[in-house]
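# Structure at a glance
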Amino acid sequence: MTVMPPFPIDEIDRRIIKATQAGLPLCQRPYAAVAGDVGVSEGEVIRRLRRMLEARIVRRVAAVPNHYRLGYVANGMTVWDVDDDAVLELGSAVGRLPFVSHSYLRPRHRPAWPYNLFAMVHGKSRAEADEKAAVIAGLLGDACHGHAILYSTRILKKTGLRLGA
Amino acid sequence: MAKHVLGETDRRVVNALQEGFPLTERPFAVAAQTLGLSETDLIDRVRRLREDGWLTRFGPMFDADRLGGGTTLAAMTVPEEDYERVAEQVNAHPEVAHNYAREHALNMWFVIASERSEQINTVIAAIEAETGLSVYAMPKEHEFFVEARFEA
């Protein structure tokens, strides 16, 4: 299994995470502003964030657009029942498709839930998202024995992940 | 009143900053140079894009799993007449980070995240006891690398 082991972080890392998890300060020297909150130097904040990025504790430092605002209103969780001995290779290929934003292998719960491969696709219409799902279906071919697209109809909660909540 | 259409420069800013933001002393100056903008213009634009809701986040994105905690996706089949009550009961748990209504027999999908992985099962048991419904836990067994971005 390729889940990476937890990476040890110390109290200063935790303070940096807490100071930045809601977003970076919008000023000329944002890492200096974080450093002021945390009580270390600006260079120390940058070094520690770089280290956490290399260790994949930080996935990216970047902007996340509101994809609904950008017009991507059809957000489908596509789910696929793929042969166990082929799913790692095929899942990697699905993840490389330019329109797939997340892709995971998850346990089945038969009979209610036969699907093991999850891929989120987004379109400006359901027709566009359905076309993208058809591309995935073509890629999976005979190794796939069934699929579904679960469109979201409502966000019931979205607070993000929070340390020390 | 927030604008409903992004201007050409804002569009380039949204697309470029999705790719990443520098870890240097003057990161806005570095990013602005690539975009052909001034540092202060870029800072002002990012502030406005956040305030107007075009950006939901700007900064480091942390992976809760790598911090030694745990997360799982979970799903329930909720009868339509109980849907609002159950949504409130599920959302009341601070460990529930996201919750979406989806069109399927399994019609409520949420993410449970905790710094202590053993807490995940406690939350699932509590939700089952409070709602009287079964929770299907679907923790990720593998995460496939993705590169997708949303073109503004």
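My aim in this report is to walk through the structure given alongside it, one point at a time. (Residues numbered from 1 in each chain as written. Chains lettered and ligands numbered in written order. Predicted model: local features only at pLDDT ≥ 70, side-chain atom pairs only at ≥ 80, totals over all residues. Heavy atoms only, no water.)

### Quick look at the overall build of chain B
Each helix and strand counted, chain B has five helices and six strands in total. When its helices and strands are written in sequence order, chain B yields α-α-α-β-β-α-β-β-α-β-β. Overall size of chain B, expressed as C-alpha extent along the three principal axes, is 55 × 35 × 25 Å. Considering chain B as a whole, with its 152 residues, one finds that 49% of them fall into the buried category. Here the analysis covers contacts within chain B between residues at least 6 apart in sequence; of these, 60% occur between residues at least 24 apart. (Helix = DSSP H or I, 4+ residues; strand = E, 2+ residues; numbered from the N terminus. Buried < 20%, exposed > 50% of the residue type's maximum accessible area, 1.4 Å probe, protein only. Contact = heavy atoms within 4.5 Å.)

### Section: the overall build of chain A
What chain A contains, in helices and strands, is five helices and five strands. In chain A, the order of α-helices and β-strands from amino to carboxyl end is α-α-α-β-β-α-β-β-α-β. Relative to its length of 165 residues, chain A is extended, with a C-alpha radius of gyration of 20 Å against a globular reference of 15 Å. Taken over the C-alpha atoms alone, chain A extends approximately 55 × 35 × 25 Å along its principal axes. Expressed as a percentage of the 165 residues in chain A, the buried residues total 48%. Where the 23 positive side-chain charges of chain A centre and where its 16 negative ones centre are 9 Å apart. (Rg over C-alpha atoms; globule rule 2.2 N^0.38 Å. Lys, Arg positive; Asp, Glu negative; His and termini not counted. Charge placed at Lys NZ, Arg CZ, Asp CG, Glu CD.)

### Structural notes on the interface of chain B and chain A
Listed per partner, the contact involves 76 residues of chain B and 85 residues of chain A. Carbon and sulfur atoms make up 59% of the surface buried where chain B meets chain A, a total of about 7,600 Å² over both sides. The largest contributions to the chain B side of the interface with chain A come from L23, R66 and F144 of chain B, which together make up 12% of the buried area. Where chain B packs against chain A, one counts four salt bridges. (Buried area = accessible area lost by both parts, 1.4 Å probe. Salt bridge = Lys/Arg side-chain N within 4 Å of Asp/Glu carboxyl O.)

### Some points on unusual backbone geometry
Most peptide bonds adopt trans geometry, and most residues besides glycine take a negative phi value. All names here are of chain A. In this model, R110 is joined to P111 through a cis peptide bond whose omega is 0°. Within the secondary structure, P111 is located in the loop between β3 (100-105) and β4 (117-123). A positive phi is found at R56, a non-glycine position, where the angle reads about 65°. Within the secondary structure layout, R56 lies in the loop between α3 (42-54) and β1 (58-65).

### Comments concerning the pattern of salt bridges
Residues and elements named next belong to chain A. The final tally for this structure, using the stated rule, is 22 salt bridges over all chains. Close ionic contact of E44 with R47 constitutes a salt bridge, the shortest N to O distance being 2.9 Å. Remark: R47 and E44 occur in helix α3; sequence separation between them is three residues, near one turn of the helix. Through salt bridges with shared partners, a single network forms among D10, D13, E44, R47, R48 and R51.

### Some thoughts on the packing of aromatic side chains
Taken as a whole and judged by the stated rule, the model has seven aromatic pairs over all chains. Taken together, a centroid distance of 5.9 Å and an interplanar angle of 40° make the contact between W113 of chain A and F118 of chain A tilted. Exposure class is identical for W113 of chain A and F118 of chain A. Each is buried. Measuring from ring centre to ring centre gives 4.9 Å for F21 of chain B and F58 of chain B, while their planes differ by 70°; the resulting arrangement is edge-to-face. One end of the pair, F21 of chain B, is in the loop between α1 (8-19) and α2 (27-35); the other, F58 of chain B, is in strand β1 (residues 55-62), with 37 residues separating them in the sequence. The same class applies to F21 of chain B as to F58 of chain B, namely buried. Three or more aromatic residues link up through ring pairs in this structure, and these residues are W113, Y115 and F118 of chain A together with W109 of chain B. Over the aromatic face of Y72 of chain A sits the side chain of K124 of chain A, whose NZ or CZ is 5.0 Å from the ring centroid. Taking the ring centre of Y100 of chain B as reference, the NZ or CZ of R102 of chain B above it sits at 5.4 Å. (Phe/Tyr/Trp six-rings, centres within 6.5 Å; stacked < 30°, edge-to-face > 60°. Lys NZ or Arg CZ within 6 Å of the ring centre and 35° of its normal.)

### A word on the packing of α2 of chain B against helix α3 (residues 39-51) of chain B
How two helices sit against one another is set out by the angle between their axes and by the gap between those axes. Residue and element names in this part refer to chain B. At a minimum axis separation of 8 Å, α2 and α3 run at an interaxial angle of 100°. As summarised for this structure, α2 and α3 are arranged roughly perpendicular, according to the angle between their axes. Contacts from F28, A29, A31, A32 and L35 of α2 reach α3 at E39, L42, I43 and V46. Per-class residue counts for the contact of α2 with α3 are eight nonpolar, no polar and one charged. (Axes fitted to C-alpha atoms, helices over the stretch in contact; angles between N-to-C directions. Parallel < 35°, antiparallel > 145°, perpendicular 65-115°, else oblique. Nonpolar A, V, L, I, M, F, W, Y, C, P; charged D, E, K, R; others polar.)

### Thoughts on the sheet that holds strand β5 (residues 136-138) of chain B
Taking strand neighbours across the sheet as the criterion, the nine strands line up as β5(B)-β2(B)-β4(B)-β3(B)-β5(A)-β2(A)-β4(A)-β3(A)-β6(B) in an open arrangement whose pairing is antiparallel. A strand with exactly one partner marks an edge of an open sheet, and here the two such strands are β5 and β6 (142-143) of chain B. Where strand β2 (residues 74-82) of chain A lies against β4 of chain A, seven bridges are found, and the strand directions are antiparallel. Counterpart to G76 of chain A in the pairing with β4 of chain A is V121 of chain A. (Pairing = 2+ DSSP bridges.)

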